[in-house]
Amino acid sequence: MTQEELDALMNGDIDMDELSEEEETQEESATADEQENSDDSNVEPEAIIEEKIKSAELPLPATDENKMVHQLDDVTKESEEKASEIFDIIEGISNDLMEKEESLNSVIEVLTANIALFEKLVTKFPDVATFKTQLEENQKALDEANATLEVLQSSGDSIMSVMDIMQYQDIHRQKIERVINVMRALSKYMSTLFEGKIDDENRVSSATHIHGDTHNDVASNEDIEALLAQFGNA
(Lines give C-alpha, C1' and ligand atoms only; values in the text may rest on other atoms or scores of the structure.)
Protein backbone atom coordinates (compact mmCIF):
# COMPACT_ATOMS: atom_id res chain seq x y z
CA MET A 1 0.00 0.00 0.00
CA THR A 2 1.39 3.40 -0.99
CA GLN A 3 1.48 6.52 1.27
CA GLU A 4 -1.21 8.16 -0.84
CA GLU A 5 -3.52 5.16 -0.42
CA LEU A 6 -2.84 5.15 3.36
CA ASP A 7 -3.69 8.87 3.68
CA ALA A 8 -6.86 8.43 1.64
CA LEU A 9 -7.86 5.48 3.82
CA MET A 10 -7.31 7.55 7.01
CA ASN A 11 -9.41 10.42 5.62
CA GLY A 12 -12.20 7.98 4.64
CA ASP A 13 -11.88 8.62 0.91
CA ILE A 14 -11.20 4.92 0.09
CA ASP A 15 -13.23 1.93 1.14
CA MET A 16 -11.25 -0.95 2.65
CA ASP A 17 -13.15 -3.54 0.54
CA GLU A 18 -12.41 -1.69 -2.71
CA LEU A 19 -8.75 -1.52 -1.77
CA SER A 20 -8.63 -5.28 -1.12
CA GLU A 21 -10.25 -6.03 -4.48
CA GLU A 22 -7.78 -3.75 -6.27
CA GLU A 23 -4.82 -5.46 -4.58
CA GLU A 24 -6.17 -8.91 -5.57
CA THR A 25 -6.56 -7.76 -9.16
CA GLN A 26 -2.98 -6.50 -9.22
CA GLU A 27 -1.68 -9.75 -7.74
CA GLU A 28 -3.58 -11.83 -10.34
CA SER A 29 -2.22 -9.67 -13.15
CA ALA A 30 1.32 -10.07 -11.82
CA THR A 31 0.86 -13.83 -11.55
CA ALA A 32 -0.42 -14.02 -15.12
CA ASP A 33 2.58 -12.02 -16.37
CA GLU A 34 4.97 -14.33 -14.53
CA GLN A 35 3.24 -17.40 -16.01
CA GLU A 36 3.45 -15.95 -19.53
CA ASN A 37 7.13 -15.16 -19.07
CA SER A 38 7.70 -18.67 -17.76
CA ASP A 39 5.97 -20.22 -20.81
CA ASP A 40 8.03 -18.06 -23.16
CA SER A 41 11.21 -19.23 -21.48
CA ASN A 42 10.37 -22.85 -22.37
CA VAL A 43 10.10 -22.04 -26.08
CA GLU A 44 13.31 -22.11 -28.04
CA PRO A 45 14.18 -18.84 -29.75
CA GLU A 46 14.00 -18.81 -33.53
CA ALA A 47 17.74 -18.27 -33.72
CA ILE A 48 18.38 -21.56 -31.91
CA ILE A 49 15.96 -23.44 -34.16
CA GLU A 50 17.56 -22.01 -37.28
CA GLU A 51 21.00 -22.94 -35.97
CA LYS A 52 19.86 -26.53 -35.42
CA ILE A 53 18.49 -26.71 -38.96
CA LYS A 54 21.73 -25.35 -40.39
CA SER A 55 23.79 -27.83 -38.36
CA ALA A 56 21.83 -30.78 -39.80
CA GLU A 57 23.90 -32.89 -42.20
CA LEU A 58 22.18 -32.14 -45.49
CA PRO A 59 22.56 -33.54 -48.04
CA LEU A 60 23.30 -36.98 -46.65
CA PRO A 61 26.89 -38.22 -46.95
CA ALA A 62 27.77 -40.22 -50.06
CA THR A 63 27.95 -43.62 -48.36
CA ASP A 64 26.94 -46.96 -49.85
CA GLU A 65 23.61 -46.68 -48.03
CA ASN A 66 22.81 -43.32 -49.66
CA LYS A 67 24.21 -43.66 -53.18
CA MET A 68 21.17 -43.82 -55.44
CA VAL A 69 22.65 -45.80 -58.31
CA HIS A 70 24.34 -48.16 -55.86
CA GLN A 71 21.00 -48.86 -54.17
CA LEU A 72 19.19 -49.35 -57.48
CA ASP A 73 21.88 -51.79 -58.63
CA ASP A 74 21.32 -53.78 -55.43
CA VAL A 75 17.55 -53.75 -56.01
CA THR A 76 17.83 -55.09 -59.57
CA LYS A 77 20.36 -57.73 -58.55
CA GLU A 78 18.37 -59.01 -55.57
CA SER A 79 15.11 -58.85 -57.51
CA GLU A 80 16.55 -60.93 -60.32
CA GLU A 81 17.96 -63.50 -57.89
CA LYS A 82 14.68 -63.85 -55.98
CA ALA A 83 12.69 -64.08 -59.19
CA SER A 84 14.97 -66.88 -60.40
CA GLU A 85 14.40 -68.76 -57.13
CA ILE A 86 10.63 -68.34 -57.46
CA PHE A 87 10.70 -69.62 -61.04
CA ASP A 88 12.64 -72.70 -59.92
CA ILE A 89 10.07 -73.46 -57.21
CA ILE A 90 7.14 -72.93 -59.58
CA GLU A 91 8.76 -75.12 -62.21
CA GLY A 92 9.22 -77.89 -59.63
CA ILE A 93 5.56 -77.70 -58.60
CA SER A 94 4.46 -77.75 -62.25
CA ASN A 95 6.55 -80.86 -62.96
CA ASP A 96 5.08 -82.64 -59.91
CA LEU A 97 1.54 -81.83 -61.08
CA MET A 98 2.27 -83.21 -64.55
CA GLU A 99 3.64 -86.45 -63.07
CA LYS A 100 0.55 -86.86 -60.88
CA GLU A 101 -1.69 -86.26 -63.89
CA GLU A 102 0.04 -89.04 -65.79
CA SER A 103 -0.27 -91.42 -62.82
CA LEU A 104 -3.92 -90.55 -62.38
CA ASN A 105 -4.63 -91.13 -66.05
CA SER A 106 -3.25 -94.65 -65.64
CA VAL A 107 -5.56 -95.22 -62.67
CA ILE A 108 -8.52 -93.94 -64.69
CA GLU A 109 -7.72 -96.39 -67.48
CA VAL A 110 -7.71 -99.30 -65.03
CA LEU A 111 -11.00 -98.21 -63.44
CA THR A 112 -12.61 -97.79 -66.85
CA ALA A 113 -11.55 -101.33 -67.80
CA ASN A 114 -12.89 -102.69 -64.50
CA ILE A 115 -16.23 -100.97 -65.05
CA ALA A 116 -16.53 -102.46 -68.51
CA LEU A 117 -15.75 -105.93 -67.14
CA PHE A 118 -18.24 -105.71 -64.25
CA GLU A 119 -20.94 -104.38 -66.56
CA LYS A 120 -20.57 -107.54 -68.65
CA LEU A 121 -20.58 -109.73 -65.53
CA VAL A 122 -23.66 -108.03 -64.12
CA THR A 123 -25.44 -108.48 -67.45
CA LYS A 124 -24.47 -112.17 -67.64
CA PHE A 125 -24.93 -112.92 -63.92
CA PRO A 126 -27.59 -110.53 -62.65
CA ASP A 127 -28.18 -112.58 -59.51
CA VAL A 128 -24.58 -112.19 -58.26
CA ALA A 129 -24.64 -109.20 -55.89
CA THR A 130 -20.85 -108.96 -55.68
CA PHE A 131 -20.54 -108.02 -59.35
CA LYS A 132 -23.09 -105.24 -58.95
CA THR A 133 -21.38 -103.95 -55.79
CA GLN A 134 -17.95 -103.88 -57.43
CA LEU A 135 -19.42 -102.10 -60.45
CA GLU A 136 -20.78 -99.35 -58.17
CA GLU A 137 -17.51 -99.05 -56.21
CA ASN A 138 -15.42 -98.77 -59.36
CA GLN A 139 -17.81 -96.17 -60.76
CA LYS A 140 -17.44 -94.05 -57.60
CA ALA A 141 -13.67 -94.41 -57.73
CA LEU A 142 -13.68 -93.31 -61.37
CA ASP A 143 -15.75 -90.23 -60.57
CA GLU A 144 -13.37 -89.24 -57.76
CA ALA A 145 -10.35 -89.80 -59.99
CA ASN A 146 -11.83 -87.59 -62.72
CA ALA A 147 -12.58 -84.84 -60.17
CA THR A 148 -9.03 -85.05 -58.86
CA LEU A 149 -7.68 -84.86 -62.40
CA GLU A 150 -9.67 -81.69 -63.01
CA VAL A 151 -8.16 -80.12 -59.86
CA LEU A 152 -4.65 -81.03 -60.98
CA GLN A 153 -5.24 -79.58 -64.43
CA SER A 154 -6.71 -76.39 -62.94
CA SER A 155 -3.71 -76.08 -60.63
CA GLY A 156 -1.39 -76.50 -63.59
CA ASP A 157 -3.19 -73.69 -65.43
CA SER A 158 -2.87 -71.47 -62.35
CA ILE A 159 0.86 -72.19 -62.18
CA MET A 160 1.24 -71.11 -65.80
CA SER A 161 -0.65 -67.89 -65.02
CA VAL A 162 1.71 -67.18 -62.14
CA MET A 163 4.70 -67.67 -64.41
CA ASP A 164 3.20 -65.26 -66.94
CA ILE A 165 2.66 -62.67 -64.21
CA MET A 166 6.23 -63.11 -63.00
CA GLN A 167 7.41 -62.04 -66.44
CA TYR A 168 6.51 -58.48 -65.45
CA GLN A 169 9.29 -58.61 -62.88
CA ASP A 170 11.79 -58.69 -65.72
CA ILE A 171 10.06 -55.70 -67.32
CA HIS A 172 10.32 -53.79 -64.03
CA ARG A 173 14.00 -54.65 -63.82
CA GLN A 174 14.56 -53.30 -67.31
CA LYS A 175 12.78 -50.06 -66.38
CA ILE A 176 14.99 -49.62 -63.33
CA GLU A 177 18.10 -50.31 -65.41
CA ARG A 178 16.96 -47.66 -67.88
CA VAL A 179 16.63 -45.16 -65.02
CA ILE A 180 20.12 -46.12 -63.83
CA ASN A 181 21.57 -45.55 -67.30
CA VAL A 182 19.93 -42.11 -67.52
CA MET A 183 21.24 -41.16 -64.07
CA ARG A 184 24.75 -42.31 -64.95
CA ALA A 185 24.63 -40.37 -68.23
CA LEU A 186 23.56 -37.22 -66.37
CA SER A 187 26.33 -37.76 -63.81
CA LYS A 188 28.95 -38.07 -66.54
CA TYR A 189 27.54 -35.01 -68.31
CA MET A 190 27.70 -32.91 -65.12
CA SER A 191 31.25 -34.12 -64.47
CA THR A 192 32.19 -33.05 -68.00
CA LEU A 193 30.71 -29.59 -67.43
CA PHE A 194 32.83 -29.10 -64.31
CA GLU A 195 36.06 -30.33 -65.88
CA GLY A 196 38.99 -27.92 -66.01
CA LYS A 197 42.22 -27.64 -67.96
CA ILE A 198 44.30 -27.79 -64.80
CA ASP A 199 44.51 -30.89 -62.64
CA ASP A 200 43.31 -30.38 -59.08
CA GLU A 201 46.71 -31.28 -57.60
CA ASN A 202 48.34 -28.56 -59.72
CA ARG A 203 45.94 -25.82 -58.70
CA VAL A 204 46.90 -22.98 -56.37
CA SER A 205 45.32 -23.49 -52.97
CA SER A 206 42.24 -21.34 -52.43
CA ALA A 207 42.18 -18.62 -49.78
CA THR A 208 40.15 -19.63 -46.77
CA HIS A 209 39.20 -16.04 -45.95
CA ILE A 210 39.07 -13.03 -48.28
CA HIS A 211 38.89 -9.41 -47.24
CA GLY A 212 35.28 -8.27 -47.37
CA ASP A 213 33.72 -11.57 -46.35
CA THR A 214 30.71 -10.99 -44.12
CA HIS A 215 31.09 -14.21 -42.20
CA ASN A 216 33.77 -15.96 -40.23
CA ASP A 217 32.82 -19.50 -41.21
CA VAL A 218 35.99 -20.80 -42.83
CA ALA A 219 36.17 -24.26 -44.38
CA SER A 220 39.30 -26.15 -43.49
CA ASN A 221 41.45 -27.98 -46.02
CA GLU A 222 40.22 -31.27 -44.59
CA ASP A 223 36.58 -30.26 -45.21
CA ILE A 224 37.34 -29.30 -48.81
CA GLU A 225 39.25 -32.52 -49.48
CA ALA A 226 36.45 -34.58 -47.97
CA LEU A 227 33.92 -32.80 -50.19
CA LEU A 228 36.01 -33.41 -53.30
CA ALA A 229 36.41 -37.05 -52.34
CA GLN A 230 32.64 -37.43 -52.10
CA PHE A 231 32.16 -36.01 -55.58
CA GLY A 232 34.94 -38.20 -56.92
CA ASN A 233 33.36 -41.37 -55.53
CA ALA A 234 29.84 -40.52 -56.66
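As for the overall build of the chain
Each helix and strand counted, the chain has 6 helices and 0 strands in total. Split into buried and exposed, the 234 residues of the chain put 12% on the buried side. Counting contacts in the chain only where the partners sit at least 6 residues apart, residues at least 24 apart contribute 65% of the total. As displayed, the chain has an accessible area near 19300 Å², and 53% of this comes from carbon and sulfur atoms.

With respect to the environment of Leu 135
When you line up the elements, Leu 135 lands in helix α5 (residues 129-193). Expressed as a C-alpha distance, the spacing of Leu 135 and Val 122, which sit 13 residues apart in the sequence, is 8.2 Å. In contact with Leu 135, other than residues within four places in its own chain, are Ile 115, Phe 118, Glu 119 and Val 122.

Thoughts on the side chain of Arg 173
Note on placement: Arg 173 falls in helix α5. Setting aside chain neighbours within four positions, we find Arg 173 in contact with Thr 76 and Glu 80.

Some thoughts on the packing of aromatic side chains
Scanning the model with the defined rule gives 1 aromatic pair in all. Where Phe 125 meets Phe 131, the ring centres are 6.1 Å apart and the plane angle is 55 degrees; that geometry is what we call tilted.

Some points on the packing of helix α4 (residues 68-124) against α5
The N-to-C vectors of α4 and α5 enclose an angle of 165 degrees; their axes lie 7 Å apart at closest approach. Considering their axes alone, α4 and α5 lie roughly antiparallel with respect to each other. As α4 runs across α5, the sense of the crossing is left-handed. Among the residues forming the contact of α4 with α5, the class breakdown is 32 nonpolar, 16 polar and 9 charged.

Quick notes on the side chain of Asn 138
The residue Asn 138 is located in helix α5 in this model. Here Asn 138 falls in the buried class, since its relative accessible area comes to 8%. Within the structure, the side chain of Asn 138 is placed 2.7 Å from the backbone oxygen of Gln 134, a separation counted as a polar contact. In this view, Asn 138 contacts Leu 111, Asn 114, Ile 115 and Phe 118; residues no more than four positions away in its chain are not counted.

With respect to α5
The end-to-end C-alpha distance of α5 is 98 Å, a good match for the 96 Å that 65 residues give at a rise of 1.5 Å each. Taken together, the buried positions of α5 are Leu 135, Asn 138, Leu 142, Ala 145, Leu 149, Leu 152, Gly 156, Ile 159, Met 166, Gln 169, Arg 173 and Ile 180. Contacts from the buried residues of α5 go to α4.

Rules and cut-offs
Residues numbered from 1 in each chain as written. Predicted model: local features only at pLDDT ≥ 70, side-chain atom pairs only at ≥ 80, totals over all residues. Heavy atoms only, no water. Helix = DSSP H or I, 4+ residues; strand = E, 2+ residues; numbered from the N terminus. Buried < 20%, exposed > 50% of the residue type's maximum accessible area, 1.4 Å probe, protein only. Contact = heavy atoms within 4.5 Å. Areas by Shrake-Rupley, 256 points an atom, 1.4 Å probe, with all protein chains shown as cover. Phe/Tyr/Trp six-rings, centres within 6.5 Å; stacked < 30°, edge-to-face > 60°. Axes fitted to C-alpha atoms, helices over the stretch in contact; angles between N-to-C directions. Parallel < 35°, antiparallel > 145°, perpendicular 65-115°, else oblique. Left-handed = near helix turned anticlockwise from the far one by under 90°. Nonpolar A, V, L, I, M, F, W, Y, C, P; charged D, E, K, R; others polar. Polar contact = N/O pair within 3.5 Å; in protein donor to acceptor, adjacent residues only side chain to side chain. Expected span 1.5 Å × (residues − 1).

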